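# Descriptive analysis of the structure
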Amino acid sequence: MDVMVPYLYNSIDKAASLASPYVSPEKLDQVCRWLKQHDEAVLYSTLGALVLGTLYLASSGNGKTKKRSKKPSSKKSYQVKVKKEKVVPVDRVKQSYDTINSVKDELKNVFTPQVDQLEKDVERELAGKKEIEGKKNKHKKKKAGSKNKLKEHTSNEAPEGAAKTSSYKDSTKYRYLYLNEALLKLLMRLDGVETQGIEDIRVQRKATIKLVQEQCKRVDALKDYVN
């Protein structure tokens, strides 16, 4: 142990020089003197610490720390499986033909009969008005009293053959506006048809547009006669 004492003193002096900026000289000198007075106790405690550290490292596998194995967690992870929908490619050619055929069917089965009926109702209304005007002119030269009675009588008469309207939706004015808008929507649908570079689609679309325009002209011709 006496051999180790000089090394201990040397270590104490080096430690004191390192601690001198942070500790007052009086306290530092007091600590150094105490350590040198109890040099044997300091040596034994230092050696004991070294021995214990060496034994610990030897028992832990030559100084290599063992990695802790992660235990699998008992909690189950639930994953929501999202089904991927199959994307069906759109057949643009078929879509164009379907649109043209749909417009043709609606024009033939729905709107053309409505235009025919509107023309008939407008003709009845015009015929009724002419009949009333004729009666007024016929009795124009009669006495004032009889003429007034006739006016009251004819003004309350419904035109013969004229369609009796129970609501605004049944009036020729409403049906004129409705058909005008409906036919315009058909033209817009045809404008959205892509020919895909196929001549037959272009020809059919053009022909269908002409059919719709013919019905539009029939409706427009009634503009000044609907009530």
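Going along each chain's sequence as written, the residues are numbered from 1 onward. The predicted nature of this model means local features are confined to residues of pLDDT at least 70 and side-chain atom pairs, given and counted, to a pLDDT of 80 or more, with totals for whole chains, interfaces and linings taken over all residues. The side-chain quantities take in all heavy atoms of the structure and omit both hydrogens and water.

In the nomenclature of an unreviewed UniProt entry, the protein corresponds to BAG domain-containing protein from the organism Pichia kudriavzevii.

So, on to the pattern of salt bridges. Working definition: two side chains of opposite charge can pair if their charged atoms are close together. Just to be clear on terms, a salt bridge is a Lys or Arg side-chain nitrogen sitting within 4 Å of an Asp or Glu carboxyl oxygen. For the structure on display, the rule yields 8 salt bridges. Between Glu 119 and Arg 218 there is a salt bridge, with its nearest N and O atoms 2.6 Å apart. On the criterion of sequence distance, the pair formed by Glu 119 in helix α4 (residues 92-138) and Arg 218 in helix α7 (residues 199-220) is long-range, its members being 99 residues apart. Three or more residues joined by partner-sharing salt bridges are found here, namely Asp 116, Glu 119 and Arg 218. Helix and strand definitions follow DSSP, with helices as H or I runs of at least four residues and strands as E runs of at least two, each counted in order from the N terminus.

Relative to the assigned elements, Thr 208 resides in helix α7. Residue classification places Thr 208 among the buried positions, given a relative accessible area of 0%. Once residues within four sequence positions are removed from consideration, Thr 208 is found in contact with Ile 100, Val 103, Lys 104 and Leu 190. Residue burial is assigned from relative accessible area. The probe radius is 1.4 Å, only protein chains are included, and a residue is buried under 20% of its type maximum, exposed over 50%, and partly exposed in between. The criterion used for residue contact is that any of the two residues' heavy atoms lie within 4.5 Å.

With that out of the way, let us pick up α7. Expected helix span is computed as 1.5 Å times (number of residues minus one). The first and last C-alpha atoms of α7 sit 31 Å apart over 22 residues, in line with the 32 Å expected at 1.5 Å per residue. The complete set of buried residues in α7 reads Ile 201, Gln 204, Thr 208, Ile 209, Val 212, Gln 215, Cys 216 and Val 219. Buried residues along α7 cover an arc of 135 degrees about the axis, so they all sit on one side. Summarising the contacts, the buried residues of α7 are in contact with α4 and α6 (172-191). For this quantity, the arc is that covered by the directions from the helix axis to the C-beta atoms.

A separate point is the packing of α4 against α6. In this analysis an axis means a line fitted to C-alpha atoms, helices contributing only their contacting stretch, and an angle means the value between N-to-C directions, from 0 to 180 degrees. Two numbers describe how α4 lies on α6: the axes approach to 10 Å, and their chain directions differ by 160 degrees. By the angle class used here, α4 and α6 are roughly antiparallel. At the point where α4 passes α6, the crossing takes the left-handed sense. Polar here means any residue outside two lists: the nonpolar Ala, Val, Leu, Ile, Met, Phe, Trp, Tyr, Cys and Pro, and the charged Asp, Glu, Lys and Arg; Gly therefore counts as polar. Within the contact of α4 with α6, the residues separate by chemical class into 14 nonpolar, 5 polar and 5 charged. Oblique is the label for any angle not under 35 degrees, not over 145, and not in the 65 to 115 range, which are roughly parallel, roughly antiparallel and roughly perpendicular in turn. Left-handed describes a crossing whose near helix is turned anticlockwise from the far helix through less than a right angle; right-handed describes the clockwise counterpart.

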